[in-house]
Every structure is written in C-alpha cells, then in structure tokens.
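# Survey of secondary and tertiary structure
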Amino acid sequence: MRRTRGPAGAAVAVLLASVAMTGTAHAAGPAAEPIIDPDRQYADFLATRGADGSWAGAPDPGGKAKSPVTSLSTHPKLAVRAGLGASPVVTGDAPATVVNVDGTKVEIFLPAPGVTAERLAASLRAHGRPHTRAIAPGRAAPAGPNDCAYGQARTLYECRYPVSFWQNNGHEDPIVRFNDHSGASWPVSNAVSKWNQVPNIDSWYYWNQCPFMAGARCVDVLSGNYGPGDQDGAWIGKVTFRWTTGAGGPLPEQGTMLQLNDYHDPKTGGFTRNMVTTHEIGHVLGLGHNLYSGDVMAAAAHKREDIGGENATLLANLYSITR
Ligand SMILES: [Zn+2]
C-alpha cells in the first residue's frame, strides 16, 4: 500500500474532504490513503514501471495476484446471434456521456452517484480539461447489428466520431491484455474473464505484468483514492484512449488505460465495484453507453452485473471481420 507519500498534510486533506461530503461517498475505506492526482499517478507509473509492465507502486492485490491468465477453457466464447427479441424499454432519459476529446486523447468518465454528467463536465472544464462535454444519448433506430448499434447497445460515441476498434494485428482475434495494478477491492480478473466470452475479441487478465507478445496490447488498470470531486475526482471510473495520429485519428494501439477511484463507497453510493469494473472494461473494448438504464453499459445507475446479450452481440459483430 502507498501510505507514506503524503504525511500530515494529506491526512488533514482527507478529514476536510469527509466533512464536506454529501452522503453518497465517504473516505472510510481508503482513509489511510492520501488523495492522489490521477494524472500525476499515471506519470509516476510511466516513469517507474518495469520493462515487463510491472509497477512497484501497485497496492496490495489480495487474491488477484494468483489469478491465472484468462483462458478459453474456463471462459469459453458465447454463442451470440443477431436477431432481436423484445428489446428492454428505456426508462426515463438516459444520462449523457462525459467525454474529454482534446486532440491527443479521449477520456470517458463514469460520474459518481448523485453527480450529473453536466455538473461533472463543467467541473472538469474548470479544472484543466476545457474540451470536456456531456454528450446526450442518441436515439438512432437500430438497423443492425452494424458498427454503431444493436438493439439498445451502442459502440463508442454512437458513431458520431470514427468507430474505434482494436485491430487483429495478425491474430485470429484482437488480443487485449489487461495489466491490473489495482487494489484488492476491484474485481478486474472477474470482469475481464466475463468479457473474454465475447466472440471475435480476446480479453486476457494479468496481475501487474504484461510480457511482450507480438501483435497483442497491454491496457493498464490503476486504482487509487482520487478524492471526492471538488476538482476532477467526481467520478468512479475513467477510461483514457490516446490518439495515434492526431485529432480525429484512429484510436490507439498503445497507451489505453483505466483508472478506478477508491474514494466512493459502494455501500452508500448504490453501486458495486464489479459493475463499475465491468462497465469500464466494456468501454475499453469499444462499447459506448447502452440506452437501457438497467444495463451494465448504461451511463449511470446501471443495475446489472453481467455483460448483457446485446452488448456481446454488438461487440462480436464489430470484430467479426479482420481489420
Ligand atoms: Zn461509461
């Protein structure tokens, strides 16, 4: 655990933050952990990680350290088929997606409980991310599955930006390896294995390493106490993609990462860390927000823990051709 970096000052900051809280979050779990800046954490990570992808700054993973690399024998591919049954009814107005597209990277934020997309976007704009906005959900009729939609499921940005996807790079399926450096409370090994059941794209789990493998990628997963959100911490999870060819270019083969905020308490916030982890990994693989408010890929207040049939079918279709 990284407990020693911020001495007395950090402890005071945590106490002050807990006084100002609204009841949807508290610092009980990570109270001994100083609040850290997620951007600084990532810079530190890049500067100090090992050649094999390991990072000495990773917190105690608990049992995850023993999780085997996801295998098809334990998580076989699902038999998904196109052909919609009764699609779930969209309940109310689905919340908007909070996205920062600044020409070098795309960040997608999952707001903390009680935080609207508009409020989070305004806070991020005021704290060094001027290109952040809340994108209202589309209501395009599904004509799919196609690259953009199937039923209530959507790919990233609902095709308002170029469709992003992982390339095969010489493999039968694209191989996306999740290099987990997050703490024991985030069930990344479980969530990655669930997504590995989607046909045509492979998601593999590794604890704190990602050895070189030609044509495969490493997506880093970090966690930390990023704080309650008076600056840019009013989110539970964040996915960052980096452009490879400048503004509007294809999404990257390198530098994709996921950050999970320890600060917000699942018990009082009405979410589970399994939901959050599953949701964020869905974004990494290319999914946007599902229009059904009860889906794990809904923009907020998602209820289900599993990946959902329409999400799986849409992803399987997106990766059904070699790119
Ligand atoms: Zn999301």
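In this report, the structure presented in the accompanying data block is examined. (Residues numbered from 1 in each chain as written. Predicted model: local features only at pLDDT ≥ 70, side-chain atom pairs only at ≥ 80, totals over all residues.)

On to the environment of N100, then. Structurally, the position occupied by N100 is in strand β1 (residues 97-101). Beyond its immediate stretch of four places on either side in the chain, N100 contacts V106, E107, L124, R129, H131 and T132. (Helix = DSSP H or I, 4+ residues; strand = E, 2+ residues; numbered from the N terminus. Contact = placed C-beta atoms within 7 Å.)

Turning our eyes to something else, we now look at the sheet that holds strand β3 (residues 132-135). In spatial order, the strands read β3-β1-β2-β9-β10-β8-β6-β7; together these eight strands make up an open sheet with mixed pairing. Strands with a single pairing partner mark the edges of an open sheet, and in this sheet they are β3 and β7 (202-207). In this sheet, neighbouring strand axes are inclined to one another by 20° on average, regardless of whether the strands run parallel or antiparallel. Strand direction decides the pairing type here: β1 and strand β2 (residues 105-111), joined by four bridges, are antiparallel. Counted as the bridge partner of N100 is E107 from β2. Sitting on the sheet, helix α2 (residues 38-48) is in contact with β8 (217-224) and β10 (257-261), with an inclination near 130° to β8. (Pairing = 2+ DSSP bridges. Axes fitted to C-alpha atoms, helices over the stretch in contact; angles between N-to-C directions.)

Across the seven residues of β2, six count as buried, placing the element largely inside the fold. In sequence, β1 turns back onto β2 through a hairpin of three residues, with G103 there showing a positive phi of about 95°. Here β2 pairs with strand β9 (residues 235-242) via seven bridges, running antiparallel. Note that in β9 the partner of K105 across the bridge is R242. (Buried ≥ 20, exposed ≤ 12 C-beta atoms within 10 Å, placed from the backbone.)

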